[in-house]
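Given next are the chains, with one letter for each unit.
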Amino acid sequence: RVRNLLSENQNLRDQLQGAHGQGLPGVVGQSRAMQSVVKTVRTVAPTEASVLIEGESGTGKERVARAIHLLSPRKDKPFVALSCGALPDTLLETELFGHEKGAFTDAQRQRRGRFEVADGGTIFLDDIDDMPLSVQVKLLRVLQEREFERVGGESLVRVDIRVVAATKVPLLDHVRAGKFREDLYYRLNVVPVRLPPLREREGDLPLLVQHFVEKLGG
């Protein structure tokens, strides 16, 4: 019985090696559903196209976003992630675009936003479905012109960035409900990637268990 378990574990290790070699960096899975994701990501990663990743919470959207960055020509530049649902409207705008000294009461010095920090690399906007309409307008301009103004500033800041966004709900439903700008949706949704939940990934659970056992338990 022990010999069978050892043999089974070795088979899983071999599959994990295959998953890392032929799959995506940082992503475990060989199911048919994940093979479709891998094919799309490996095709789009070397390009400059914006990517919209759709998937339930916990499906690994940021891991796929990082894989897109690592497989792109921008891999040696910054990968900057921000959750749009974690901050109130005013703070989100400052986090994205930065601010000038004196822009508001606590602005003691100039501060770069995430777009400036990501210059040359990739910015990952998680939970884009939570982004308020007031900030969506400014994001649209960045996508169109690759330039923006810091909060309280007058001069334009130009950036060279690739945008990968993620949503936990079908974003088109938000568009139809008037919660998300249609023009911004089509700017982000150049290449859609749907991440399947684990219940749709037949055969991946043993690989994931083996991965976590080796990573956390030895």
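Structure's up top.
Residues numbered from 1 in each chain as written. Predicted model: local features only at pLDDT ≥ 70, side-chain atom pairs only at ≥ 80, totals over all residues. Heavy atoms only, no water.

### A word on helix α3 (residues 61–70)
- Buried within α3 we find Lys61, Val64, Ala65, Ala67, Ile68 and His69.
- Considering only its buried residues, α3 is in contact with α2 (32–44), β1 (51–54), β2 (79–83), β3 (122–126) and β6 (162–167). (Buried < 20%, exposed > 50% of the residue type's maximum accessible area, 1.4 Å probe, protein only. Helix = DSSP H or I, 4+ residues; strand = E, 2+ residues; numbered from the N terminus. Contact = heavy atoms within 4.5 Å.)

### Topic: the nonpolar core
- Ranked by internal contacts, the top residues of the largest apolar core, which has 30 residues, are Leu96, Phe115, Leu125 and Ile128.
- Mapped onto this core, the elements with two or more residues apiece are β2, α4 (89–97), β3, α6 (133–145), β6, α7 (171–176) and α8 (182–188).
- Broken down by element, the residue count for this core peaks at 5 residues, all from α6.
- What Phe115 contacts, discounting residues up to four positions off in sequence, is Leu96, Phe97, Ile123, Leu139, Val142, Phe148, Val159, Ile161 and Val163. (Core = buried A, V, L, I, M, F, W, Y, C linked by side-chain atoms within 4.5 Å.)

### Looking at the pairing of β3
- Most of β3 sits inside the fold, with 5 of its 5 residues counted as buried.
- Judged by which residues are buried, β3 turns out to be covered on both faces: Thr122, Phe124 and Asp126 on one side and Ile123 and Leu125 on the other are all buried.
- Two strands pair when backbone bridges link them, and β3 and β6 are joined in this way by 4 bridges, in the parallel orientation. Note on β6: the bridge partner recorded for Ile123 is Val163. (Pairing = 2+ DSSP bridges.)

### Looking at the side chain of Glu116
- Mapping Glu116 onto the fold places it in helix α5 (residues 114–117).
- Residue Glu116 is classed as buried on the basis of its relative accessible area, which comes to 12%.
- At a separation of 2.9 Å, a polar atom in the side chain of Glu116 contacts the side chain of Arg150.
- Those residues within four positions of Glu116 in sequence are excluded, and the remaining contacts are Phe97, Phe148, Arg150, Val157 and Val159. (Polar contact = N/O pair within 3.5 Å; in protein donor to acceptor, adjacent residues only side chain to side chain.)

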